[in-house]
Amino acid sequence: MHRRTFLRELLSAAAATVSLAVPLPSAAVTASQRFLRPPGAAPEADFAALCIRCGQCAEVCPNRCINFFGGELGVAKLDTPYIVPREQACILCMKCGEVCPTDALRAIPRELDAILAGVRMGTARVDESLCLSYQGKTCGVCYRACPLQDVAIRAGRLEQPIVSAEHCVGCGLCERSCIQMPQAIRVIPDQQRASTRQVAA
Amino acid sequence: MTTPSRTFLLRRHLNKLRWLSLGLVFAMLLLLPMLSVYQNYAAAHAYDLLSADEKAFYDLMHGLTAPFTADPAEDLDAIKGTTWAGRFFGYKIGDPLSAVGQLAAGGALYWPLLFAVLIPTLASLLFGRFFCGWICPASFLYELNTGLGVWLDRIGLRPGRRRLDRRLKYLVLAVGLGLSAATGTVLFAAIYPPAVVGRELYYAIALNGFGTGAVFFAATVLFDLLVARRGFCRYLCAGGALYSLLGRYRLLRIQRVPASCNDCTKCNVACEFGLDPMRDGFGQECNNCTACIAACPTDALEFRITWHDQPYQGPGHLGRRYRRQPGGDTPERPADGGEG
């Protein structure tokens, strides 16, 4: 083979590979950034380097709450798992961390103390102007949906939800259950957690 | 002529055994997502809510798994995942490229992942690129694609027959590692066909349909068809490059027996990786797929336990060239063979 032909083919093959590997930008503007990672997830800053995109977390999820990004948020999030609680929230069965082959999702036993200590998906926040209980109509649905009842959410007068930011793990079952539209209680993802890698290194 | 011996017959069937293995792996990748859906239905006690089609699907899955488990939602978690990363009765098993990719992306390796890739890595040290020929679900589709190319050729549409430099894939591996480190992302997951195929089959069957990876995979299939036969595996696959490096000093090799060879070139035509078995040109790229053994009409290729290839042993003793000039041929591989 002539060197020139070879170089041309090498270049064209490389160009084809690069154009396939790098998705088009710009879609990030329209895609929602308000998503949760599955329970036990590493800090967002480390996640892309740890997750090998095997998809097993969703495969074992009995509640089908885990979905995967396409290219809409860029290549770093491509094929990584996410949860949008309004669609389907996490029931804290902790199977995904158990099956995860990497440290992207840590294995956490399904016990109250371990979950309180290890799971930080986000924190629920109540919009009192939307919440029925705060408007004088006793509701209490989110309080009853919470798997950490009386720990993460306590019920006040007229079953007004009172979230303990310290104990809420952000599973999203309250947001999923809220009968208001838009939801009066929503989980704000905990994506600002600092990378643990520098601390460890 | 030597009469075909019994071992000859057994050896010939290795290629069929390989197709069986490829087919089983691919069938598992189709079955596991279905089982996952079935588990979801079972966990949700959803049978009465299902449509007629879904009920038929549920009944089928129930029939398949009922002999083995009374609690599908829990017990079927024992086998999960794909060839990229999976779980098999408590043992997690993964592709060596996933560990290498994670190491490059994060600068650190999660050590249980090292355990997961241990067996595949050791097997590659012994058997070379066997994953590519015997297990890889993308290989299964690519080889069928080669067959499609043969059919297209018959009706006058000639598939691509270009030869690039097979060292290109080591460049892809190196650049991939560099980009992974620069972006802090395990990029190989997006450009490594077996990972893509396993994941996309799962997306298609159990989630919302094919994702971006399917577009990538379709492009590689077209590349194979229009540019070079098995071009992606030969020239561009980063995992293939890693397996080739691991298998450089593999212990199980196919070697030629010149005394039985008649220089018919059938092995070279059969070789999916464009190697040169007829002139002892195997190298680290050989994936022990046994297609050349199955194609050989004179039983001149066999497995041997050795850590290096034979240098060119001269023309086959049953061939015309050797009979004209017995022993007089300089044992040097012709310059045109073996490359690309």
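Residues numbered from 1 in each chain as written. Chains lettered and ligands numbered in written order. Predicted model: local features only at pLDDT ≥ 70, side-chain atom pairs only at ≥ 80, totals over all residues. Heavy atoms only, no water.

(A) Representation of the packing of aromatic side chains. Per the counting criterion, the structure on display carries 17 aromatic pairs over all chains. Their ring planes at 20° and their centres at 5.1 Å tell us that Phe131(B) and Tyr243(B) sit as a pair that is stacked. With Phe131(B) in helix 8 (residues 130-134) and Tyr243(B) in helix 15 (residues 238-246), this pair connects stretches of sequence that are 112 residues apart. Phe131(B) gets classed as buried once you look at its relative accessible area, which sits at 6%. The exposure class of Tyr243(B) is buried, given its relative accessible area of 2%. Within the aromatic cluster, the residues linked to one another by ring pairs are Phe35(A), Phe69(A) and Tyr82(A). Here the guanidinium or amino end of Lys55(B) rests over the ring plane of Tyr47(B), the centre of that ring lying 5.5 Å away. Over the aromatic face of Trp151(B) sits the side chain of Arg154(B), whose NZ or CZ is 4.6 Å from the ring centroid. (Phe/Tyr/Trp six-rings, centres within 6.5 Å; stacked < 30°, edge-to-face > 60°. Helix = DSSP H or I, 4+ residues; strand = E, 2+ residues; numbered from the N terminus. Buried < 20%, exposed > 50% of the residue type's maximum accessible area, 1.4 Å probe, protein only. Lys NZ or Arg CZ within 6 Å of the ring centre and 35° of its normal.)

(B) Just the domain arrangement of chain B, in detail. Residues and elements named next belong to chain B. Domains assigned within chain B are domain 1 (82-249) and domain 2 (251-324). The distance between the C-alpha centroids of domain 1 and domain 2 comes to 26 Å. Contact with domain 1, which involves 23 residues of that partner, is made by 18 residues of domain 2. Carbon and sulfur atoms make up 43% of the area that domain 1 and domain 2 hide from each other, which totals about 1700 Å². Contact with domain 2 buries area across many residues of domain 1, yet Arg-129, Arg-166 and Tyr-249 alone supply 28% of it, more than any other trio. Our enumeration of links across domain 1 and domain 2 arrives at 3 salt bridges. A salt bridge links Glu-272 to Arg-230, with the shortest nitrogen-to-oxygen separation between them at 2.9 Å. Inspection of the domain 1/domain 2 interface yields 18 residue pairs in polar contact (both at pLDDT 80 or more). Where the side of domain 1 that touches domain 2 is concerned, the elements lending two or more residues are helix 7 (118-127), helix 8, helix 9 (137-154), helix 10 (168-183), helix 14 (231-236) and helix 15. (Domains from an automatic or database assignment. Contact = heavy atoms within 4.5 Å. Buried area = accessible area lost by both parts, 1.4 Å probe. Salt bridge = Lys/Arg side-chain N within 4 Å of Asp/Glu carboxyl O. Polar contact = N/O pair within 3.5 Å; in protein donor to acceptor, adjacent residues only side chain to side chain.)

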